[in-house]
Amino acid sequence: MSGTVYLVGAGPGAADLLTVRAARLLGEAEVVFHDALIAEEVLRLASKAEKIAVGKRCGRHATAQRFINKRLADAARAHCVVVRLKGGDPMLFARAHEEITYLQARGIPVVVVPGVTAALAASADLRISLTRRGAARTVAFVTPRVAAGERESGWIASALAADTAAVYMGAGEAPAIAAALMAAGKPANTPVALVADASLPGVRVQYATLQELPGLSTSGAPTLILLGEVYREALPEAAAIVGRRTG
Ligand SMILES: C[S@@+](CC[C@H](N)C(=O)[O-])C[C@H]1O[C@@H](n2cnc3c(N)ncnc32)[C@H](O)[C@@H]1O
């Protein structure tokens, strides 16, 4: 007999973007294993749970992941409701697969509760649809980040093929990302929106063209790079004019 592990999406940051189901499960949880950067307000909902920070950022640390898998299994053998709380949505760039397969292989039931992913929260902040009619009909969620031993990411081809691309875990490598996309044929005047801390009161938005992306300021805050024609009208005037002339 074992308890159930709930992989719960905590959303992008704002506590009130948590789903009702997530809030209920946090209230029932006996143990909560949570990512770094989960809001205190969200953790407070787990009022009777032991809270354990597993502190991974950006999907790194393969060894730490094995350790998390084991701790989740051990907790499920001792408790009925174990919550694994992940930023955004658990099924997007969040190592859900590793945890699900590890737990299921040991006969431990797993339930996944979706959360609002960063690209959707950023789009809400911008008030610009990822699929604005007439400008975009395809969206790609991509990341250049690969863990050690993983096969190379096909993110460039996907970002090129989609009308709008959301680049996760890329802001720290913005110059390399811009260079790689332009070398692969993405026009230098492609509009870009850089969104830091989406959904939070301190959200920061910068618009530029792809060739200007390396010059934008980044911080250590979670940041998303969005690119595509849907952002053309939001560009600062000079960049938008260049875009219209050459695009
Ligand atoms: C390991 S991934 C996790 C993604 C998460 N599972 C999701 O669905 O949003 C972390 C990356 O998500 C993006 N991100 C997460 N929260 C964000 C936020 N509030 N604002 C902007 N980007 C965010 C950043 O690109 C960050 O490097």
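Residues numbered from 1 in each chain as written. Predicted model: local features only at pLDDT ≥ 70, side-chain atom pairs only at ≥ 80, totals over all residues. Heavy atoms only, no water.

A. The arrangement of the packing of aromatic side chains in detail. Per the stated rule, a full pass over the model turns up 2 aromatic pairs. Aromatic side chains F93 and Y168 sit 5.1 Å apart centroid to centroid with 55 degrees between the ring planes, which places their arrangement in the tilted category. Taken together, the residues F93 in the loop between strand 4 (81-86) and helix 4 (96-105) and Y168 in the loop between strand 7 (164-167) and helix 7 (174-183) connect sequence positions 75 residues apart. Measuring from centroid to centroid gives 6.2 Å for F141 and Y168, while their planes differ by 70 degrees, and the two rings are edge-to-face. (Phe/Tyr/Trp six-rings, centres within 6.5 Å; stacked < 30°, edge-to-face > 60°. Helix = DSSP H or I, 4+ residues; strand = E, 2+ residues; numbered from the N terminus.)

B. Representation of the layout of surface pockets. One number sums up the size of the second largest pocket: a volume of about 500 Å³. Taken together, 25 residues make up the lining of the second largest pocket; nearest its centre are F93, T143, R145, V146 and E150. Listing elements by their share of the lining of the second largest pocket, those giving two or more residues are helix 4, strand 6 (139-142) and helix 6 (155-161). In terms of residues, the lining of the second largest pocket owes the most to one element, helix 4, which gives 3 residues. In terms of domain composition, the lining of the second largest pocket takes at least three residues from each of domain 1 (4-113) and domain 2 (118-246). (1 Å grid on protein atoms, 1.4 Å probe; cavity = no way out; pocket = protein on both sides within 12 Å on 5 of 7 lines; lining within 4 Å. Points joined across faces, edges and corners; volume = space filled by probe spheres on them. Domains from an automatic or database assignment.)

C. Main features of a nonpolar patch on the surface. On the surface, F93, L120, V139 and F141 cluster together to form a nonpolar patch covering roughly 310 Å² of accessible area. With respect to the helices and strands, V139 occurs in strand 6. On the accessibility criterion, V139 (30% relative accessible area) is partly exposed. (Patch = residues over 30% accessible without salt bridge, like charges linked within 9 Å, V, L, I, M, F, W, Y side chains within 5 Å. Areas by Shrake-Rupley, 256 points an atom, 1.4 Å probe, with all protein chains shown as cover. Salt bridge = Lys/Arg side-chain N within 4 Å of Asp/Glu carboxyl O. Buried < 20%, exposed > 50% of the residue type's maximum accessible area, 1.4 Å probe, protein only.)

D. Spotlight on the sheet that holds strand 8 (residues 191-196). The 5 strands lie next to each other as 6-7-10-8-9, forming an open sheet whose pairing is mixed. Strand pairing shows two members of the sheet lacking a second neighbour, strand 6 and strand 9 (204-209), which therefore form its edges. Going from strand to strand, the sheet's axes swing by 15 degrees on average, the running direction of each strand aside. Across 6 bridges, strand 8 lies against strand 9 in antiparallel orientation. (Pairing = 2+ DSSP bridges. Axes fitted to C-alpha atoms, helices over the stretch in contact; angles between N-to-C directions.)

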